[in-house]
Amino acid sequence: MKYFFDFILAVSLNGFSYYIASLILKNGLPLWQAIIIGFSVVSLGALTEALGSPMWLIVLVPFPVGMFLLYSFLNVTVPQWFLTYIITLSIYTVIHIPMSYFFNFHSLIPAWKLS
């Protein structure tokens, strides 16, 4: 049950970072699309981990999926998409720091354990 809760939390926080980045740049990514991206990225990371892959691959594999889905959903120019993605990664990192340090939650970036 804990794994399921952690999975849902990781999907939510990941999707939240895409949604907030979109709001900051006024791109208008609907929340349901942000959650789809979050679900896809976290699921792919979890699948890669379940296959026994090394940590660098677990972290690396979901990136292209998140980038592609964000580009597909936003329907904006490449520079605008890239800026949105960079802001998403920044928000994602800022969320990861307190989650990892204070709550011992490492599902966002498994290889980067702060506590």
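The structure we're discussing is the one just above.
Below is a short write-up of the structure. Every chain is numbered on its own, with residues counted from 1 as its sequence reads. Residues qualify for local features only when their pLDDT is at least 70, as the model is predicted, and side-chain atom pairs are given and counted only at 80 or more; totals for whole chains, interfaces and linings, by contrast, use all residues. Working from all heavy atoms in the structure, the side-chain values ignore hydrogens and water.

**Digging into the overall build of the protein chain**
The condition that has to hold: Numbered from the N terminus, helices here are DSSP runs of H or I no shorter than four residues, and strands are runs of E no shorter than two. A simple rule labels every residue: compare its accessible area, found with a 1.4 Å probe on the protein chains alone, to the largest value its type can have, and call it buried under 20%, exposed over 50%, or partly exposed in between. Residue exposure ignores everything except the shown protein chains as possible cover, and the areas themselves are Shrake-Rupley values with a 1.4 Å probe.
When you go through the protein chain residue by residue, the secondary structure sums to 5 helices and 0 strands. Moving toward the C terminus, one meets the helices and strands of the protein chain in the order α-α-α-α-α. For the C-alpha atoms alone, the extent of the protein chain along its principal axes is close to 35 × 30 × 25 Å. Counting over 115 residues, the protein chain shows a buried share of 39%. Of the roughly 6,700 Å² that the protein chain leaves accessible, carbon and sulfur atoms contribute 76%.

**Quick notes on the side chain of T88**
Here is the rule: Residues are treated as being in contact if the distance between any of their heavy atoms lies within 4.5 Å.
When you line up the elements, T88 lands in helix α5 (residues 78-103). The exposure class of T88 is buried, given its relative accessible area of 2%. When neighbours within four sequence positions are excluded, T88 is seen to be in contact with S17, Y18 and A21.

**Description of the side chain of S53**
As a reminder, the rule being used: Residues adjacent in sequence count toward polar contacts only when both atoms are side-chain atoms; beyond that, a polar contact is any pair of N or O atoms within 3.5 Å, and within protein one must be able to donate a hydrogen and the other to accept it.
Structurally, S53 can be placed in the loop between α2 (31-50) and α3 (55-60). Polar side-chain contacts of S53 include one of 3.1 Å to the backbone oxygen of T48. Excluding its chain neighbours within four sequence positions, the residues that come into contact with S53 are T48 and I58.

**What about the environment of T48?**
Its location among the elements puts T48 in helix α2. The exposure class of T48 is buried, given its relative accessible area of 7%. For the pair T48 and L69, spaced 21 residues apart in sequence, the C-alpha to C-alpha distance is 18 Å. Beyond its immediate stretch of four places on either side in the chain, T48 contacts S53, L57, I58 and V61. Only 2.7 Å separates the side chain of T48 from the backbone oxygen of L44, close enough to count as a polar contact.

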